[in-house]
Structure formats: C-alpha cells, structure tokens
Amino acid sequence: MTQSFFRMPSPTDSHAGPNASWLNGATIYQIYPLSFRDRGGDGWGDLDGVLEGLDHVASLGVDGVWISPFYPSPWKDFGYDVADHRAVDPRMGNLAVFDRLVERAHALGLKVLVDLVCGHSSDAHPWFRESRRSRDNERADWYVWADPKPDGTAPNNWLSVFGGAAWNWEPRRRQYYLHHFLASQPALNLHAPAVMDALCETAAFWMERGVDGFRIDAVDFFAHDPQLRSNPAVVWREAEPPLKPFALQQHVYDMMHPAVGSILARLRETVERYPGRVLLGELSSQPGAGQRIAAYCTPQGLHAAYTLSLAKQPFSAKGFAQALTAAPRPESICWSLSNHDVERAASRWLPEGADPAAFNALLAVLVATLPGTVCLYQGEELGLPNAALEQHQLRDPFGITYWPEFPGRDGSRTPMPWRADEPNAGFSAGEPWLPVPAEHAALAVDRQERTVGSPLSVWRAALALRHGSEVLRTGGVAAVEEHGDLLSFERTLGDERLLAIFNLADRPAEYALRGRGEPLPLAVPRAPGAAVPEVTADGRTLVMPPLSVFLGSLRPNP
Ligand code: BGC
C-alpha cells in the first residue's frame, strides 16, 4: 500500500533570521535541582550536587543547562514560588557555590540559563509582605489588587490553573489579590514600572554573575485585561464537565493580553546590554500557541519559546507537523517533550506493547533532527519512564487537588538515578523528598555506561549527530508532511538537503519516494537489534519498520 500525502503549508526554508542566537540548534539540558543530586544528605538536591553532575551533562554533548529555581522559597510550588529573586535558598547552597557552578559549566563549554519567574512571587516575598499591609505603602501597587463586587464576591470569574478561584481576600486591605497558580503565589503587577525595574535589575544581577540567559516562566500570564472583565465560557459539548474547571473558560481576559509584548521588550532591552545573552520563554498550552511563539519571538522579545501543547496531545505525525509549521521561523521553536510539568514522554507516548528501547531511539533521533532549540529533561537521556506514586507520596499541590484523576507532576520529578547499587540509586544518602522507583535504579547512569546499546548511548549518538551537522543544527526546514503514522521533513542548508522520515507507530508503514530519487541513507543511532528501513526493488517505496527512522541525503534542488 502506498500513501497519498497531505502536504502541510511549509515554513520558510531560508536560514536563521535577525532574531537567531546561539540557541538556534542548541540542546539545553534541564536540571531540576531538587531531584538532580544531593550532596548535603538531607534528601533534597542542591547546587553542590549540580556541580558534581556537570561532567555527566557535558558528556552528553549538549550546549548548555537550564537550572530550575534554586532561590529562597517556601517550596510550596517547588521553587516557582520565589521569596527572594537574588539569592540561593540555604537548602540549595549559597551564591559562592553558584559562582563555582557557572565557572565549571563554562569550563566544560556549557552555557547556563536560570529561571526568571516574573509573573508572580511567593507570599513570603518581602515585596508581597509589604504590599499586603495597606493600600498606601511603597509597594501597594506591586501586585494585582481589586475591590470586591458589591455582593462581596471576587471581582470576576477568573480561575486558578491549580484549582479554585484566582482571587484571595486580604483582610488588611479589604481587597482581593490575583493569583493564577497557588493562593501563596500572588501575581505581580507588571504594569507598574517599579516592578519591571526590579525584575530587570534581577536579570542584570544574574548576568553579572555570568549566566547566559533566562528561561522565562509562564509568559502568557504576564498581563491581563485592565478592566478585569470576566472570561466567557467555552461551549462544552461533553456530557460530563472537564476534570479541571479551568478548561471551561475561554482565557481571553485573564491572560495573553497584548501588553505581554511590551513587558518582554523591557526584558529584552536588559539582556541586550550583555552580549550573547538569551531569553527562552515558556508559553501556556492555550489555543494559538504557535501564533504566540511567532508574535513573541522577535528582536524585541524572546529568542525562542516552547509550549507544552504538543506534549499534551497524543503522539502523532500530525501533531509534530502542525508544531513544525505553526511558527514562521524555525529558530523560534523550542522543543521540550519532557519536563518537570508533564508526564515523561517515554511513558506518556509509548505505544501500547511497544519496545521502550526502540521508542527511546525514535525520540532521540527525532529530537536530534528537529529545527530550533531542544530542551532535554534530566533522566530523559536514560529513557526513564514516569514514576507511579501512591497518594501518600505526592508533594505537588496540583496533583493533591485532582487525585486520583490527575496525579500531578511528581511522577516526572523523582530523583535522578546515578548508581544502581547504592541507596536511593546514589541520589542522596538521606531520605529523598520523592522516592526513587526500583525500575529507575535499574536504569541508573553507571549501569548504562557499562551497557552497549543502552538508551544513554543512543542519546549520546543522536546528540552527536545533531552537533556534528550544520544542516541539522541551523538549516531551514521544508516539505513538512504527515500521513497516518509517518512524519517527514527536509532540513536544508545551501545545496544540502536531508530527508528525515519517522514511523511513529509500532507497526510497519510504507513511504512513497515519489520522484525524489533514491536518497542516500545516512547512519542513525538505533536500539540494539532494530530493523532498518529498506527501499523496495523498484526503488519507489521505502519500507519503514515499526518505530523506525530514515535519514537520507537528497540531491540538491535543480
Ligand atoms: C512552571 C511550573 C509552575 C508554574 C507556576 C510554570 O511555568 O514550569 O512548574 O508550577 O509555572 O509558577
């Protein structure tokens, strides 16, 4: 059976535009420091642990690290509730360790990105402590305050992502404050010039210490409708309401306000003062994420951005083809297929009954051939599946609220397994804050280092393929096509054209070569014993085994 292809509108295949930076083509390893490595022995990862694990990170052939929050925090949202933007939580270490970490990373050739959480702080932050005291203190307008409606209820119908209303009452001010996440994460008022000044000074503080840029948290929540209008309801056609009531609103007023652009411009101006520094944004998975990537990634905004929309969809050629074509310039897209906010891709997308090793190799080569930036989440290089936790083991308030229908994010946040035979797989000498599953210990770094064809070795080979190929790193993307289980695209640079074809399903498929001529196959990393795609005797069809990849060089376009 041959297929007829539906050709997707193709983005430009020209090369990097005026907003391109070193992020284009780079692979950034995301370190979730609480779970990376614990040197202090208290069961919580720390910066000394990060420092110690950097050799492993460098050995993967990545270009940099993004370190999730390590700032002073009550840890209610595990560091995304910042109580001091310019310090290190004592549980994590101190600024001297951070400086050593940056120095060591740079010596290893790794750039360092840190999180800049601008949209909200912890309620323990001195800024909020002051703001909530009265309506006329110096920081009275640093957060989003609003009077109650005449009947005492909240100013509008906005909801928190994590459940419940987005408003909380402050008795001293007789006002509500806005929070898009936990009630202990009040939203900062980014329209107040003094707040933006403070955040830009924070960015400068970390750049002075040598960081190469920022992962900008929750960009879509930076600005809202100044009139505080209520969101309209979505037309919900299912018999039962959705699990999370947040899904019942069209988020047209509480987030994604056009003022986000001018806020990003202030941040961009700040990083522009330090050569080579970059902004990598996190966008929500609300509809239109591709258009927002295009709108925010400009020389006045972010360098690149990721959204979890793709990760929240089923694994499909169509999903990838749409993500590839939605953003107009490939260098704007960042791929974060796994991270601390979603179930790990190795289990989320594993087709039923499929061989995890074959699926791991497919993901590794797919990631290595995609344009733009890639974020690789700690443990992804080990092929770790998501951890299944019991209710009593949960830490994430999001999961605690929605258990058992949605177990939250702890399953992707359990500790890194370093040494299979040590307690807690070598993560910590103490009781870890989240358990280390036995199946993760069996996939520990030391064991994989000794195993030929391990997931780790496949990732190293895939990243070396990307690193060693200019066309894969910075080339354009063209001819994005999807048909059924097959995804294909070309990467182009000058006269060079590479054709990449992926069979995303655990069953064979056929790809019609259609006048493309026979591409010259290139070696790609595969799982041990995996079957290789083959061209039929008449040269017209490529037979793609289950979960396989074909990478071939094409003749230049006439
Ligand atoms: C972070 C989450 C966090 C949320 C609220 C997100 O973008 O990645 O982990 O819960 O922001 O701070």
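Structure report, in brief. (Residues numbered from 1 in each chain as written. Predicted model: local features only at pLDDT ≥ 70, side-chain atom pairs only at ≥ 80, totals over all residues. Heavy atoms only, no water.)

### Brief notes about the packing of helix α4 (residues 193-208) against helix α5 (residues 260-272)
Link 1 in the chain: Axis separation between α4 and α5 bottoms out at 10 Å; the angle between their running directions is 30°. Remark: the crossing between α4 and α5 carries right-handed chirality. The segment α4 lies against α5, with M196, D197, C200, A203, A204 and M207 engaging I263, R266, L267, T270 and V271. (Axes fitted to C-alpha atoms, helices over the stretch in contact; angles between N-to-C directions. Helix = DSSP H or I, 4+ residues; strand = E, 2+ residues; numbered from the N terminus. Left-handed = near helix turned anticlockwise from the far one by under 90°. Contact = heavy atoms within 4.5 Å.)

### A word on helix α1 (residues 47-59)
Link 1 in the chain: In this model, α1 (13 residues) spans 19 Å end to end at C-alpha, consistent with the 18 Å of a helix rising 1.5 Å per residue.
Link 2 in the chain: A maximum bend of about 40° is found in α1 at G53.
Link 3 in the chain: Looking at α1, one finds that the buried residues are L47, G49, V50, L51, G53, L54, H56 and V57.
Link 4 in the chain: Each element contacted by the buried residues of α1 is listed here: β2 (27-31), β3 (64-67), α2 (95-107), α12 (445-449) and α13 (455-467). (Expected span 1.5 Å × (residues − 1). Bend = angle between axes of the 7 residues up to and from the residue. Buried < 20%, exposed > 50% of the residue type's maximum accessible area, 1.4 Å probe, protein only.)

### What about α4?
Link 1 in the chain: Its 16 residues place the ends of α4 22 Å apart at the C-alpha level, agreeing with the 22 Å of an ideal helix rising 1.5 Å per residue.
Link 2 in the chain: Among the residues of α4, V195, M196, A198, L199, C200, T202, A203, A204, W206 and M207 are the ones counted as buried.
Link 3 in the chain: Among the structural elements, α2, β4 (111-116), α3 (126-131), β8 (213-216) and α5 are those in contact with the buried residues of α4.
Link 4 in the chain: Of the residues trailing α4, G210 is marked for its positive phi of about 105°.

### Focus: the pairing of β2
Link 1 in the chain: Here β2 lies mainly inside the structure; five of its five residues are buried.
Link 2 in the chain: Side chains T27, Y29 and I31 project from β2 onto one buried face, and the interleaved I28 and Q30 project onto a second face that is buried too.
Link 3 in the chain: Both β2 and β3 contribute to a ladder of four bridges, which runs parallel. When the bridges of β3 are listed, I28 appears paired with G64.
Link 4 in the chain: Of the crossover connections in this fold, the one passing from β2 over α1 to the parallel β3 is right-handed. (Pairing = 2+ DSSP bridges. Right-handed = clockwise from strand over helix to strand, strands pointing away.)

### A word on the side chain of H251
Link 1 in the chain: Here H251 shows up in the loop between β8 and α5.
Link 2 in the chain: Among the polar contacts listed, one links the side chain of H251 to the backbone oxygen of Q249, at a separation of 3.4 Å.
Link 3 in the chain: In this structure the side chain of H251 is engaged in a polar contact, spanning 2.8 Å, whose partner is the side chain of D254. (Polar contact = N/O pair within 3.5 Å; in protein donor to acceptor, adjacent residues only side chain to side chain.)

### Some points on the packing of aromatic side chains
Link 1 in the chain: The tally for this structure, following the rule as stated, stands at 29 aromatic pairs.
Link 2 in the chain: Between Y71 and W206, the ring centres sit 5.5 Å apart and the planes meet at 55°, which makes this aromatic pair tilted. Taken together, the residues span a long stretch of sequence, with Y71 in the loop between β3 and α2 and W206 in helix α4 at a distance of 135 residues. Just as Y71 is buried, W206 falls in that class too.
Link 3 in the chain: Their ring planes at 80° and their centres at 5.2 Å tell us that F315 and F359 sit as a pair that is edge-to-face. Within this pair, whereas F315 is found in the loop between β10 (304-307) and α7 (317-326), its partner F359 is found in helix α9 (residues 356-369), the two being separated by 44 residues in sequence.
Link 4 in the chain: For F315, a relative accessible area of 15% corresponds to the buried category.
Link 5 in the chain: A network of ring pairs unites the aromatic residues F162, F181, F221, F398, Y402 and F406 as a single cluster. (Phe/Tyr/Trp six-rings, centres within 6.5 Å; stacked < 30°, edge-to-face > 60°.)

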